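# Architecture and fold: a report
Residues per chain, in single letters:
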Amino acid sequence: MAKGWIFSALLVVSLVMAPACEAFYLPGSYMHTYRQGEEIGAKVNSLTSIETELPFSYYSLPYCRPKGGIKKSAENLGELLMGDQIDNSPYRFRVNVNESLYLCTTSPLDEDDVKLLKQRSQDLYQVNMILDNLPVRRFTEQNGMTIQWTGYPVGYTPEGTSDVYIINHLKFKVLVHKYEGGKVRVVGTGEGMEVISDTDTDTDTDAKSGYEIVGFEVVPCSVKRDPEAMSKLTMYEKVDSVSCPVELEKSQMIREKEQITFTYEVEFVNSDIRWPSRWDAYLKMEGAKIHWFSIMNSLMVILFLAGIVFVILLRTVRRDLTRYEELDKESQAQMNEELSGWKLVVGDVFREPTSSKLFCVMIGDGVQILGMAIVTIFFATFGFMSPASRGMLLTGMIFLYMLLGILAGYAAVRLWRTVKGTSEGWRSVSWSTACFFPGIVFIVLTVLNFMLWSRNSTGALPISLFFTLLSLWFCISVPLTLLGGFLGTRAEPIEFPVRTNQIPREIPSKNYSWLLIFGAGTLPFGTLFIELFFILSSIWLGRFYYVFGFLLVVLLLLVVVCAEVSVVLTYMHLCAEDWRWWWKAFFASGAVAFYVFLYSINYLVFDLRSLSGPVSATLYIGYAFIVSLAIMLATGTVGFLTSFSFVHYLFSNVKID
C-alpha cells in the first residue's frame, strides 16, 4: 500500500514537470469528474460523539439500508486504528438533478430501538457522511455567530421538554464546478488513478469535461409523515419537498410503536470554487494570531536561555579553561587543591550511570520517536499527509517508526559500547530497545481495547488487526532494530577525554536537585502548551488540525529549548560537584512530559466537561499517557545528547596527566 502510494506520487510529480503538460496534484487525493446525470453514491462513516469518544457503526441504528446490501470500503491501517468504519449508504445523487426522494419506512420501533436511539441522541452522536471524499458540513447559529460542524446529529431534545426527536429528513446542497478539460488530466477515486493524454481537438476536450464536486452541505430536520401512505412507495420515488426547520408538532418523535420514514432532497449549485481549493472550507485556520503569539513567546524563552548558555560557555567556562591552561604543571596541581566546582569531578564525570542498560534503551527509543515526529511533521507541512486520505497521517507515522528502528538500535548499542567499553550484551540491549516503548503501548492499547469490545464500539481493534500489528512489529521493526544494533557494534565507541577514577568522589548533599529538574520542565512546556490545546481540540472535539507549518516551527523551537535547559542544568550540577548528570540531563528536558500529562488532565476536567462515563475517561487518560511517554523519551533524548556533547567538549579542554 505504501509503495503504491509513493509510486503514484512520483508518477504525478513527473507528469507535472513534463514540458508540455498542464496538471495539478494534491497528495492523497485524485480529481474525479462526473457527467451530467451520472449517479454518485454517498458513504457513511462511524457515528461519533464528543461526549463519549466511543465510535459506533452507522447501521447499529435502525437506518435504511442500501438495495444491494452493506459493503465496506477498503480501509488503511490508520483508519482502522482511529475506529473508522466506512460503508456504502442508500443515499444516491444524480449530477445536476435536483430532486426530493423517499428512502424507506422502518418497522414499528420496539423498546430496544427506542432506548438506543434516545441514548445516541442524548450523547450527541453525529452521523458522518462522505461524498466524493468530502465530509458533509452543516451550519448553526449561536450568539449571532455561524458555526460550522461536520456531520449532523442523530436526534435532538428541544428546550423545555424531555421528548427526543429523530433526524429523518436531510436537505443536501452539493456544490459543483464545471471542468473544461486540459492537456493532461489525473483522475481517480483515491484508490487508484488514471492518466489521460489528449490532443487539441474539441471532441476530446468535450469528452473530458464534466463536473467536480467541490462542496457538500446538509440541513437536517425532523418530519413526521404518514407511515401507511409512505410504506406504499418504493425506494427513490419522489416525495414533496420540506421546508426546514419544521414545527415541533410536525416533527418525528422517538417512541415505541412509531414507524419512522426517511426521506431526503438534493440541490446542485454551481460554484466558483476550484477542485484544489475544496478543502479550504474545512481547513480554515482560526486563531492564527494565537499561533504566532505562541511562537514569539517561545523565541523569547530561547533567547533568554541562549544568553545564559552564552555566558556559561564563552565567559565562565572559557575563562576558567584559559587560566588553567596558562599555568605550569606544578601550579595546576596546587590549583587543583584549591579549586571547587566542575573541575573537581573530572575523574568521575564519565562514570557509568545507574541502570545503564535501561538508560541506553530509552535513548534509543527517544531517537526513534524524535526522528518519526520530525519526518512526519515535515512531510505533513508540505501536504503529503492530506486529510483527503483518511488515516494517512497515522499510517505514515507507524511505518516511519518501524523503519527508524535501525536508528534506535544503532544509538542504543553505540551508547552501550561507549559506557561499558565492550560490545558484550548488545543483543539484549537491541531486543530491549525494540520492545520497551512498543511493549508499553501494546499493553495499554490491549486494556483499552477490551473496554471498547465490551461496549461493541467500532473503535475496538479486530483480532486480525492485532495480529497484523504484531507481525509488523516482529517482522519489520525488531529485525531493523537488531540490524541497527549490529551496526552499532561495528562503529567506534566515543572516546572519553578524561580517565575515570576507581573510587567515586563523594557528592555534597543537595536536597533541591530533582525539584530543580522537574521545575525546569516548565520552560519547554511554555513552548508547547498553546499548540497542545489546538491538537487536543482536533483529536477530542472532532476538528480538523492542519496547521502543520506552525507545528513544525514549534517542534524545532521545543528541541532548541530542551537542549538549552539541559545544558544549563547539567552545568549547575557539575558546579555543585554532582557528577551523576546522565539521568538528570535526560529528565531536565524530559520533565516536560509530566506537565503535558497534567495539562491533558486539566483539559479533560475543564474543556471536556461533557465527556461522560468511566470508559471514556479511561480511554482519554490511556491515550494521554502514551503520548506523554513518547514526549518524555524524545525530549529527554534531546537533552541528554546535547548535555553529553557539552560535557565532552568541556572536559576535552582540560589537561590531566
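Residues numbered from 1 in each chain as written. Predicted model: local features only at pLDDT ≥ 70, side-chain atom pairs only at ≥ 80, totals over all residues. Heavy atoms only, no water.

Named according to an unreviewed UniProt entry, the chain is Transmembrane 9 superfamily member originating from Aegilops tauschii subsp. strangulata. According to the UniProt record, the Sequence similarities (unreviewed entry) comment for the chain reads "Belongs to the nonaspanin (TM9SF) (TC 9.A.2) family." (UniProt positions renumbered as here; feature names shortened; annotations may be inferred.)

Moving on: the overall build of the chain. Scanning the chain for helices and strands turns up 18 helices and 16 strands. Residues classed as buried in the chain amount to 52% of the 657 residues present. At a minimum sequence separation of 6, the contacts of the chain that also span at least 24 residues come to 83%. A total of about 31400 Å² of accessible surface is found on the chain, and carbon and sulfur atoms cover 60% of it. (Helix = DSSP H or I, 4+ residues; strand = E, 2+ residues; numbered from the N terminus. Buried < 20%, exposed > 50% of the residue type's maximum accessible area, 1.4 Å probe, protein only. Contact = heavy atoms within 4.5 Å. Areas by Shrake-Rupley, 256 points an atom, 1.4 Å probe, with all protein chains shown as cover.)

Quick look at helix 3 (residues 111-122) now. Taking 1.5 Å per residue as the helical rise, helix 3 with its twelve residues ought to reach 16 Å, and the 16 Å between its terminal C-alpha atoms agrees with that figure. When we look at burial in helix 3, the residues that qualify are Val114, Leu117, Arg120 and Ser121. One side of helix 3 carries all its buried residues, which in axial view fall inside an arc of 140°. Opposite the packed face of helix 3, turned more than 90 degrees from it, sit the exposed residues Glu111, Asp112 and Lys115. The inward-facing, buried residues of helix 3 abut strand 10 (155-156) and strand 11 (165-166). The N-cap of helix 3, judged by a side-chain oxygen 3.2 Å from the amide nitrogen of Asp112 a few residues on, is Asp110. (Expected span 1.5 Å × (residues − 1). Arc of directions from axis to C-beta. Polar contact = N/O pair within 3.5 Å; in protein donor to acceptor, adjacent residues only side chain to side chain.)

Packing of helix 8 (residues 356-381) against helix 15 (residues 548-575) brings their axes to within 8 Å, and their N-to-C directions diverge by 150°. In this view, helix 8 runs roughly antiparallel relative to helix 15, as classed from their interaxial angle. Between helix 8 and helix 15 lies a crossing of left-handed hand. Counted together, Leu370, Ala373, Ile374, Ile377, Phe378, Ala380 and Thr381 of helix 8 and Phe548, Gly549, Leu551, Leu552, Leu555 and Val559 of helix 15 form the full contact between these two elements. Broken down by class, the residue content of the contact of helix 8 with helix 15 amounts to eleven nonpolar, two polar and no charged. (Axes fitted to C-alpha atoms, helices over the stretch in contact; angles between N-to-C directions. Parallel < 35°, antiparallel > 145°, perpendicular 65-115°, else oblique. Left-handed = near helix turned anticlockwise from the far one by under 90°. Nonpolar A, V, L, I, M, F, W, Y, C, P; charged D, E, K, R; others polar.)

Take the nonpolar core next. Grouped together as the largest cluster of nonpolar side chains are 133 residues, with contacts concentrated most on Tyr91, Phe93, Met129, Phe172 and Phe651. Among the elements that make up this core, the one with the highest residue count is helix 18 (residues 614-652) (17 residues). Listed in part, the eight residues of the second largest apolar core include Ile377, Met385, Leu551 and Leu552. (Core = buried A, V, L, I, M, F, W, Y, C linked by side-chain atoms within 4.5 Å.)

If you trace the four strands from one edge of the open sheet to the other, you get 2-1-5-6, paired in antiparallel fashion. Looking along the sheet, the strands with just one partner apiece sit at the ends: strand 2 (87-94) and strand 6 (134-135). Sheet topology places strand 1 (residues 39-44) next to strand 2; five bridges connect them, and they run antiparallel. When the sheet's bridge partners are listed, Ile40 is paired in strand 2 with Phe93. (Pairing = 2+ DSSP bridges.)

With that settled, consider the state of the cysteines. Summed over the entire model, instances satisfying the criterion amount to two disulfides. Between the sulfur of Cys64 and that of Cys104 lies a disulfide, 1.8 Å long from S to S. When the S-S torsion is -90°, as for the bridge of Cys64 with Cys104, the disulfide is left-handed. Of the two residues, Cys64 sits in the loop between strand 1 and helix 2 (77-81) while Cys104 sits in strand 3 (residues 99-105), which places them 40 residues apart along the sequence. (Disulfide = S-S within 2.5 Å.)

Here we come to the environment of Lys224. Tracing the backbone through its elements, the reader meets Lys224 in the loop between strand 15 (210-221) and helix 5 (227-230). Considered as a pair, Lys224 and Leu248 are 24 residues apart in the sequence and their alpha carbons are 9.6 Å apart. Aside from chain neighbours lying at most four places away, what touches Lys224 is Lys250, Ser251, Gln252 and Glu258. Among the polar contacts listed, one links the side chain of Lys224 to the side chain of Glu258, at a separation of 3.1 Å.

With the rule as written, the count across this model stands at eleven salt bridges. The partner of Arg278 in a salt bridge is Asp132, with the nearest N and O atoms 2.9 Å apart. Of the two residues, Arg278 is situated in the loop between strand 16 (261-270) and helix 6 (288-326) and Asp132 in the loop between strand 5 (129-131) and strand 6; the sequence distance between them amounts to 146 residues. Of the two residues, Arg278 and Asp132, neither departs from the other in class, the shared state being buried. Among the salt bridges present, the one from Glu265 reaches Lys171, with a minimum N-O distance of 2.9 Å. Of this pair, Glu265 sits in strand 16 while Lys171 sits in strand 12 (residues 169-179); the two residues are 94 residues apart in sequence, bridging distant segments of the chain. Bridged by salt links that share partners, the residues Glu39, Arg92, Arg94 and Glu99 form one connected network. (Salt bridge = Lys/Arg side-chain N within 4 Å of Asp/Glu carboxyl O.)

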